[in-house]
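Each chain is listed here by its residues.
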Amino acid sequence: MLAYVIRRLLLLIPMIAGMVAVTFALLLIIPGDPASVLLGQEASPDAIASLRAALRLDQPWHVRLLDYYASLLRGDMGRSIFQNAPVADIIAGRLAATIELAVVALLLATAIGLALGVAAAVRQGSLVDTGAMLFAQLGVSMPVYWLGLLLMLAFAVKLGWAPAVGRGEPLAPAIVSTLTGRPAALADALSHIALPAFALAANSAAVISRLVRASMIDVLQEDFVRTAYAKGLRRPRVIWRHALGNALLPVLSIIGLRFGALLGGAVLTETIFAWPGLGQLTVAAIAQRDLPLIQGIALSFALIFAIVNLIVDLLYAAVDPRVRLG
């Protein structure tokens, strides 16, 4: 297991180098000049050229790429053109909100997907199965921004059950406050995160439920399940302890991949619900052509996705020893 972990960690090095190169190349094809945007349409060509030189935008692309690699090795992600602050500091100030939203959405999607998938599989062909798959079809088909607007209209505007926009108390400190006898902070945090988290989780819950259903149907027809019933084990124990454990192996890798989709969906969700995370920051940075900030955000998203997939691979290897030998 240790050799597998070391091998997977070493693979992160070329992966990160490739992610930096791809992110840099994508920014080269973005139309618009940051110097022109920063100085405005009335700026003289000399002023624009001077600012381009100050930002090193006049350097060849390969020089700028090598400089960026060297800066990253020093822990420097550059400086935002418009906010005049280190990119790493700006991202650090927004990262917690995005991670919080993505993790809550992933937990919600996993819980809903597992419950619907198992219920549909054990009652195949029934109304429960039809209803679960109808939910899955709606979840896959409905865009996250449209679902977000519908949830906001129904539960915030019409019913008034939850705030329409903004972020309440951060979830981790709110949980600590609850443990010390102040549950109001947790209620405020949950009321703010409920709508954006469900809007973000719906698509992933649909995908997970369909995969769990298909995997569970296959496992329930295996000989060891019939043997468990023949030994007199109760149905809930057979389903939750024996069948679901084996059915979760292919689902585990999908859950890791869905975390990347949740990070991508956070860009739209945070914009709709005014959630102060990296997604909202991304939209503002793109509108301003703030290249260092866009580059830093894209790299941060890629790094989070790579680390989550590394964790999923290690969990998969721990559950299935054949992976370590591959």
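Presented here is a report on the structure given in the accompanying data block.

Looking only at helices and strands, the protein features 14 helices and zero strands. Across the protein, helices and strands are ordered from the amino to the carboxyl terminus as α-α-α-α-α-α-α-α-α-α-α-α-α-α. Projected onto its principal axes, the C-alpha positions of the protein cover 85 × 55 × 40 Å. Looking at the protein as a whole, 38% of its 326 residues qualify as buried.

Moving on to helix α6 (residues 127–141). Since one α-helical turn is 3.6 residues long, residues separated by three or four positions face the same way. Here α6 is 15 residues long and its end C-alpha atoms lie 21 Å apart, about the 21 Å a rise of 1.5 Å per residue gives. Of the surrounding secondary structure, the elements contacted by the buried residues of α6 are α5 (87–122) and α9 (184–220).

What follows is about the packing of α5 against α9. At their nearest, the axes of α5 and α9 sit 5 Å apart, and the two run at 35° to each other. Note that α5 runs across α9; the crossing there is right-handed. Of the residues belonging to the contact of α5 with α9, the class tally is 24 nonpolar, five polar and two charged.

Let us look at the environment of G279. If you trace the backbone, G279 turns up in helix α12 (residues 278–287). Taking the C-alpha atoms as reference, G279 lies 12 Å from A96; in sequence the two are 183 residues apart. In this structure G279 touches T98, A266, V267, E270, T271 and F301, once residues within four positions along its chain are discounted.

Okay, the pattern of salt bridges next. On inspection of all chains with the given rule, the structure shows three salt bridges. The salt bridge partner of R167 is E100, with a shortest N-O separation of 2.7 Å. Here E100 lies in helix α5 and R167 lies in the loop between α7 (144–158) and α8 (171–179), a separation of 67 residues in the sequence. The salt bridge partner of D223 is R226, with a shortest N-O separation of 2.4 Å. Here R226 and D223 lie together in helix α10 (residues 223–230), a separation of three residues that amounts to about one turn. Taking the relative accessible area as the measure of exposure, D223 reaches 52% and is therefore exposed. Of the residues examined, R226 reaches a relative accessible area of 48% and is grouped as partly exposed.

This next bit is on the nonpolar core. Of all hydrophobic cores here, the largest spans 60 residues; its most connected members are I91, V118, M216, F259 and L293. For this core, the secondary structure elements donating two or more residues are α1 (2–28), α4 (61–73), α5, α9, α10, α11 (235–272), α12 and α13 (291–319). With 13 residues, α5 is the single largest residue contributor to this core. The residues touching L293, leaving out its near neighbours within four places in the chain, are S80, Q83, V87, I90, I91, L281 and A285. With ten residues, the next largest nonpolar core counts L147, L151, A202 and I272 among its residues.

What counts, and where the lines are drawn
Residues numbered from 1 in each chain as written. Predicted model: local features only at pLDDT ≥ 70, side-chain atom pairs only at ≥ 80, totals over all residues. Heavy atoms only, no water. Helix = DSSP H or I, 4+ residues; strand = E, 2+ residues; numbered from the N terminus. Buried < 20%, exposed > 50% of the residue type's maximum accessible area, 1.4 Å probe, protein only. Expected span 1.5 Å × (residues − 1). Contact = heavy atoms within 4.5 Å. Axes fitted to C-alpha atoms, helices over the stretch in contact; angles between N-to-C directions. Left-handed = near helix turned anticlockwise from the far one by under 90°. Nonpolar A, V, L, I, M, F, W, Y, C, P; charged D, E, K, R; others polar. Salt bridge = Lys/Arg side-chain N within 4 Å of Asp/Glu carboxyl O. Core = buried A, V, L, I, M, F, W, Y, C linked by side-chain atoms within 4.5 Å.

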